[in-house]
Amino acid sequence: MNELLKVLSLAFAACLALSSVGVHAQQQMVLDNVTLNQFLSDQLAAREGATGNHANNWAVLVSTSRFWFNYRHLANVLSMYRTVKRLGIPDSQIILMLADDVACNPRNAFPGTVYNNADRALDLYSNNIEVDYRGYEVTVDTLLRVLTDKVDPTTTPRSKRLLTDENSNIFIYLTGHGGNEFLKFQDAEEVSAFDLADAFAQMWETKRYHEILFMIDTCQANTMYSKFYSPNVLAVGSSELDESSYSHHADSDVGVAVIDRFTYYNLEFLERVDKGSELTMKDLIESYDPVKIHSHAGVRTDLYKRNLSEVRITDFFGNVQAVEIDEDDDD
Amino acid sequence: MLGPESAEALVLRRKVVLSFWAVFVILGLPLWIHTTTIHRAPLPLSAVKVLDDELKDGLGLHRDDGPRLRVSIEVKESCLVRTTTDEIRQELERLVRSDVASPLFRLELVHRQESSLPRYGLDCIASNSTPLPKTTMSDGDEITVYIPTNNSSPGIIATGLYDAFMADYLFFNKHDLGSNIQAVSDTTGIVSTMHRGATYADAIHLSFTLLIALDSSSTSTRTVEALSPTFQSEWRAHAENVWNTLRSSELSRYLTSVTFDTDVGFQYITDGNSEWARVEQDASPDRLSILLDTWDLQPVTLLTTTPNSSAPKVLQFVYFLPPESGNTKPSFSFTIANWGGVVIAGESPDLVAAMRTFKKQVYKLMSPVAFTVNDGTKSRKVRPRAHEFARIATIMNLQGTVETLSALSRLVTSLQEMAVPSKVRELVDNAITEWHAAVTNIQQPDIDTLSENRVLRHAAAAAHYARQAIFDKDMMLNMFVPFEHKIAVYLPLLGPVIVPLIAGLRRIIIEARRKEK
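Residues numbered from 1 in each chain as written. Chains lettered and ligands numbered in written order. Predicted model: local features only at pLDDT ≥ 70, side-chain atom pairs only at ≥ 80, totals over all residues. Heavy atoms only, no water.

1. Some points on the overall build of chain A
Part 1 of the reasoning: Each helix and strand counted, chain A has 9 helices and 13 strands in total.
Part 2 of the reasoning: The buried share of chain A, taken over its 331 residues, is 58%.
Part 3 of the reasoning: At a minimum sequence separation of 6, the contacts of chain A that also span at least 24 residues come to 75%.
Part 4 of the reasoning: Accessible area of chain A: about 13300 Å², with a carbon and sulfur share of 52%. (Helix = DSSP H or I, 4+ residues; strand = E, 2+ residues; numbered from the N terminus. Buried < 20%, exposed > 50% of the residue type's maximum accessible area, 1.4 Å probe, protein only. Contact = heavy atoms within 4.5 Å. Areas by Shrake-Rupley, 256 points an atom, 1.4 Å probe, with all protein chains shown as cover.)

What follows is the structure, encoded as structure tokens:
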């Protein structure tokens, strides 16, 4: 018995030692500012600063939740989907990923509909929505493959691929349940901030974006962009570390919350934006009120070279096509 | 209390403990290492670096004894101090060195006094151009263009690129002094112009769409005519004619195949506030882009990324018949790089004119910009010939290959958790082999005759393999697992096994020591 106790004590001490080694290794993985700036400079130098021109817009909209009680997450994504479509991004340039188990849910008092407001003025589910990945297709692996385009080109249709290039501005919106540097996918798995950061790094190296606007509405959302290290990424989150994000209101007839606060106030701002709007990202960021949102929305700009007051909302939420008028040729 | 252990029981216990350890060490550990180690095939990173160096050195194409084209830039007043001019010169030279066609020509600024070399036709362009704003070059500066070819006449490529570069950034742009360096540092104009073409130059699919707007006056003569089967079969016949012309043109030396399809679509306009009506009133480039949104025609990017390597690149060509009511604008057209072209009919639809425009748009979309030649009496636009833009496409493919392989090297080096399948190694090796084959051929003296197609094929293959390698679907990053999660998984799994094993082994060792004493 004494020997067994001794062995157990040794094992316990070994575990403590291993844990401290692991924690120390993780701390070292965080890039300090100096290292990060140097890395960014090296990245840009490797591409000789050529990051293309903004010539087209894409959107990746993901609801990582399923089940009826996460109705609001689906409504969040569909609201953003409607907004970007209204501002000009065509379906062919939108990747929409959601569990899609709400509209036709037996609990839905209004079958075939999804509302983001208790007044039920706008049905988000009608009118020509194209869901690219639904149900159990919405996985971490799928998301990362879509972002990095590591899909089987012979079996994956074009409509389900993010066909971006170095001239593409991408709006990436994630919503669901999250925590400290992780985001839960359909109650089955998690994607970590490191995974997303490395995916963006791959996108940068393979020239798959010009600029990215990363927006996330989850609990402790701001931690999800803390590990990014690729250039030209502008990140916005709904809540700080150890903060929750909250729903805005519930619909008593639907029976669940129908929209989250952070997304609600984003939409309130975006409803004022049309295709020719001069409103900027600075205006959007300044519109965030912690009193209304009930959390502290954050923004990360150190990876983003442009001044937010010069970045139009439509640079990410709208669509741009570079057009050249043909001249008369003397061929 | 149990009695003392018998000798047989002691031997049995030792055998059991040692057997478990044998299984653990000989079978368990290797199996665990094998199944948890990330397979990373070694990539020839040093060979990739060699390709990069060869490209920067110009692929052996620079020849100092080649013809030089000297151009004067006239300014009305001297402006910048010499140091600033030197900075501009260095920046220009750096830009040109990094340009995709740098092995084909070289741009160098020299002082006007060094005028011993003969001048060519580019002089006319410079002297007849709008004088430089005073905040750009100093009065004594000239630009010399080197063309390392065996041709006795100046290469048209250099002229076109020079024109595109200089016209856009030095002659016609007015910049403040403070932004001047930045202005000439912006290579996106020339790079994006060159990237307008189909980089891989393998196969092109042309999609012609006749789009008819239907409004309340859909019984108008023009709409009725457009809806008639006769008109639509005429449309298809004209589109096929364009396709046949392109197939039999010198473009065929540049491509492996050109296919096409035609379609007829309808855009329904419900009220006067429709997007179409607004576009008609204000046909500025910003508004024109809205047309594509409402049509939702699948825009396909053809730039450095080829999404599906087995499918041809698609160029869309749309002939739009707007509502006849109130339409008094003449026909006009526009192109979108790497997407296609649009022709909007005027008062009288003219299919022949539209097809002529489409043909020009195809050339425009697949080749560098046309350049202006001024022979003293008039200026005219000339497009590079097929073999010339085949050379440019070759260089672009080679550069794309190096960039892609370098990016792959950086990713594999920085992301240690990324699996690298053996297939990726094979693809990289194939890319390097094709690269060398292309470079060997491009250095041949008969590059400008039939052989440039072979060169282009090798270069396109190299770029294709490189892209397949970097986008290999099995080259995925292992998911990040927090260390505490690993402890949480391994501890309950291994603990109940390892603790008795250690205890058993420890007891055997203690007994052995006691026996020795």
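2. What about the overall build of chain B?
Part 1 of the reasoning: When its secondary structure is counted, chain B shows 16 helices and 10 strands.
Part 2 of the reasoning: Taken over 517 residues, chain B has a buried fraction of 50%.
Part 3 of the reasoning: Sequence-distant contacts in chain B: of pairs separated by 6 or more residues, those separated by 24 or more amount to 81%.
Part 4 of the reasoning: For chain B, the accessible area works out to roughly 24200 Å², and carbon and sulfur atoms hold 56% of it.

3. Here we look at the packing of helix α4 (residues 140–148) of chain A against helix α5 (residues 193–205) of chain A
Helix packing for two helices is described by the angle between their axes and how far apart those axes are.
All names here are of chain A.
Part 1 of the reasoning: One can describe the packing of α4 onto α5 by two numbers: an axis separation of 9 Å at closest approach and a directional angle of 20 degrees. The orientation of α4 relative to α5 falls into the category roughly parallel. For α4 against α5, the interelement crossing comes out right-handed. Taking contact as the criterion, the partners of Leu 143, Leu 144, Leu 147 and Thr 148 in α4 are, on α5, Asp 195, Leu 196, Ala 199, Phe 200, Gln 202 and Met 203. (Axes fitted to C-alpha atoms, helices over the stretch in contact; angles between N-to-C directions. Parallel < 35°, antiparallel > 145°, perpendicular 65-115°, else oblique. Left-handed = near helix turned anticlockwise from the far one by under 90°.)

4. Some words on the sheet that holds strand β6 (residues 182–185) of chain A
Residues and elements named next belong to chain A.
Part 1 of the reasoning: Spatially, the 3 strands line up as an open sheet ordered β5-β6-β7, and their pairing is antiparallel. Taken across any chain shown, the strands that pair with only one partner, and hence form the sheet edges, are β5 (178–179) and β7 (189–192).
Part 2 of the reasoning: In this sheet, β6 lies alongside β5 in antiparallel orientation, the contact comprising 2 bridges. Following the sheet pairing, Gly 179 is matched in β6 by Phe 182. (Pairing = 2+ DSSP bridges.)

5. Looking at the pairing of β7 of chain A
All names here are of chain A.
Part 1 of the reasoning: For β6 and β7, the ladder comprises 4 bridges, and the chain directions are antiparallel. Its bridge partner lying in β7, Phe 185 is registered against Glu 189.
Part 2 of the reasoning: What sits between β6 and β7 in their antiparallel hairpin is a turn of 3 residues, with Gln 186 showing a positive phi close to 50 degrees.

6. Considerations on unusual backbone geometry
Peptide bonds are mostly trans, and most non-glycine residues show a negative phi.
Residue and element names in this part refer to chain A.
Part 1 of the reasoning: Although it is not a glycine, Asp 100 adopts a positive phi angle of roughly 55 degrees.
Part 2 of the reasoning: Within the secondary structure, Asp 100 is located in the loop between β2 (94–98) and β3 (133–134).
Part 3 of the reasoning: Of note, Arg 120 is a non-glycine position whose phi angle comes to about 50 degrees, a positive value.
Part 4 of the reasoning: Considering the arrangement of structural elements, one finds Arg 120 in the loop between β2 and β3.
Part 5 of the reasoning: Of the residues examined, Arg 120 reaches a relative accessible area of 25% and is grouped as partly exposed.

7. Considerations on the packing of aromatic side chains
All names here are of chain A.
Part 1 of the reasoning: On inspection of all chains with the given rule, the structure shows 20 aromatic pairs over all chains.
Part 2 of the reasoning: With a centroid separation of 5.1 Å and 50 degrees between ring planes, the pair formed by Phe 262 and Tyr 288 is classed as tilted. Of the two residues, Phe 262 sits in helix α6 (residues 261–270) while Tyr 288 sits in the loop between α7 (281–286) and α8 (290–293), which places them 26 residues apart along the sequence.
Part 3 of the reasoning: Looking at Tyr 288, the relative accessible area reads 12%, which means it is buried.
Part 4 of the reasoning: Directly above the aromatic system of Phe 67 lies the positively charged group of Arg 66, at a separation of 5.9 Å from the ring centroid. (Phe/Tyr/Trp six-rings, centres within 6.5 Å; stacked < 30°, edge-to-face > 60°. Lys NZ or Arg CZ within 6 Å of the ring centre and 35° of its normal.)

8. Describing the confidence of the model for chain B
All names here are of chain B.
Part 1 of the reasoning: Across chain B, pLDDT averages 64, with 49% of residues at or above 70.
Part 2 of the reasoning: Taken as a whole, residues 63–81 scores under 50 in pLDDT and shows 75 contacts with residues more than four places along the chain or in a different chain.
Part 3 of the reasoning: Note that pLDDT drops below 50 for residues 369–376; the model gives that stretch 29 contacts with residues more than four away or on any other chain.
Part 4 of the reasoning: Here the predicted complex carries an ipTM of 0.83, next to a pTM of 0.74. (pLDDT = per-residue confidence, 0-100.)

9. Overview of α4 of chain A
All names here are of chain A.
Part 1 of the reasoning: The buried count for α4 comes to 8 of 9 residues, which makes it a mostly enclosed element.
Part 2 of the reasoning: Within the sequence span of α4, burial applies to Val 140, Thr 142, Leu 143, Leu 144, Arg 145, Val 146, Leu 147 and Thr 148.
Part 3 of the reasoning: Looking at the residues trailing α4, positive phi occurs at Asp 149, about 60 degrees.

10. Considering the sheet that holds strand β1 (residues 56–63) of chain A
Residue and element names in this part refer to chain A.
Part 1 of the reasoning: Strands sit in the order β3-β2-β1-β4-β8-β9-β12 across an open sheet of 7 strands; the sheet is mixed. If you trace the sheet from one side to the other, it starts and ends with β3 and β12 (298–300), each paired once.
Part 2 of the reasoning: One ladder, built from 2 bridges, connects β2 with β3; its direction is parallel. Looking across to β3, one finds that Leu 98 is bridged to Arg 134.

11. Structural notes on the pairing of strand β9 (residues 233–237) of chain A
Residue and element names in this part refer to chain A.
Part 1 of the reasoning: Of all the 5 residues making up β9, 5 are buried; the element is thus mostly covered by neighbouring parts of the structure.
Part 2 of the reasoning: Side chains of β9 alternate between two faces, with Val 233, Ala 235 and Gly 237 and Leu 234 and Val 236 buried alike.
Part 3 of the reasoning: Across 5 bridges, the pairing between strand β8 (residues 211–217) and β9 is parallel. The residue bridging Ile 212 from the neighbouring strand is Val 233, located in β9.
Part 4 of the reasoning: As paired elements, β9 and β12 share 3 bridges and run antiparallel to each other. Residue pairing in the sheet places Ala 235 in a bridge with Arg 300 of β12.

12. Looking at a nonpolar patch on the surface
All names here are of chain B.
Part 1 of the reasoning: A cluster of nonpolar side chains, namely Val 25, Ile 26, Leu 29, Trp 32, Ile 33, Val 489, Tyr 490, Leu 493 and Leu 494, defines an oily patch on the protein surface of about 840 Å² accessible area.
Part 2 of the reasoning: Among the elements of the structure, α1 (7–36) and α16 (483–516) are those that each provide at least two residues to the nonpolar patch.
Part 3 of the reasoning: Considering each element in turn, the nonpolar patch owes the most residues, 5 residues, to α1.
Part 4 of the reasoning: You can see Val 25 is positioned in helix α1. (Patch = residues over 30% accessible without salt bridge, like charges linked within 9 Å, V, L, I, M, F, W, Y side chains within 5 Å. Salt bridge = Lys/Arg side-chain N within 4 Å of Asp/Glu carboxyl O.)

13. A look at the nonpolar core
Part 1 of the reasoning: The biggest cluster of nonpolar side chains holds 76 residues, and the ones touching the most others in it are Leu 147, Leu 196, Phe 214 and Phe 228 of chain A.
Part 2 of the reasoning: Per-element accounting of this core gives the leading share, 9 residues, to helix α14 (residues 422–442) of chain B.
Part 3 of the reasoning: In this structure, Trp 68, Ala 103, Met 281 and Phe 317 of chain A belong to the second largest nonpolar core, which totals 50 residues. (Core = buried A, V, L, I, M, F, W, Y, C linked by side-chain atoms within 4.5 Å.)

14. Concerning the pattern of salt bridges
Part 1 of the reasoning: Enumeration according to the criterion identifies 28 salt bridges over all chains in this entry.
Part 2 of the reasoning: Members of the salt-bridge network, linked through shared partners, are Arg 13, Arg 14, Arg 507 and Glu 511 of chain B.

15. Examining the environment of Asp 101 of chain A
All names here are of chain A.
Part 1 of the reasoning: Structurally, Asp 101 is set in the loop between β2 and β3.
Part 2 of the reasoning: For Asp 101, a relative accessible area of 19% gives the class buried.
Part 3 of the reasoning: When the C-alpha positions of Asp 101 and Gly 135 are compared, they lie 7.1 Å apart, and in sequence the two are 34 residues distant.
Part 4 of the reasoning: Those residues in contact with Asp 101, other than ones at most four positions away along the chain, are Arg 66 and Phe 67.

16. Describing the packing of helix α3 (residues 71–86) of chain A against α6 of chain A
Residues and elements named next belong to chain A.
Part 1 of the reasoning: Running from amino to carboxyl end, α3 crosses α6 at an angle of 15 degrees, the nearest separation of the two axes being 10 Å. Between α3 and α6, the angle falls in the class roughly parallel. The way α3 lies across α6 gives a crossing that is left-handed. For the pair α3 and α6, the contacting residues are Asn 76, Ser 79, Met 80, Thr 83 and Arg 86 in the first and Thr 263, Asn 266, Leu 267 and Leu 270 in the second.
Part 2 of the reasoning: The class makeup of the residues in the contact of α3 with α6 is 3 nonpolar, 5 polar and 1 charged. (Nonpolar A, V, L, I, M, F, W, Y, C, P; charged D, E, K, R; others polar.)

17. Concerning α14 of chain B
Part 1 of the reasoning: Here α14 of chain B spans 30 Å end to end across 21 residues, near enough to the 30 Å set by a 1.5 Å rise per residue.
Part 2 of the reasoning: Among the residues of α14 of chain B, Val 424, Leu 427, Val 428, Ala 431, Ile 432, Glu 434, Trp 435, Ala 438, Val 439, Asn 441 and Ile 442 of chain B are the ones counted as buried. (Expected span 1.5 Å × (residues − 1).)

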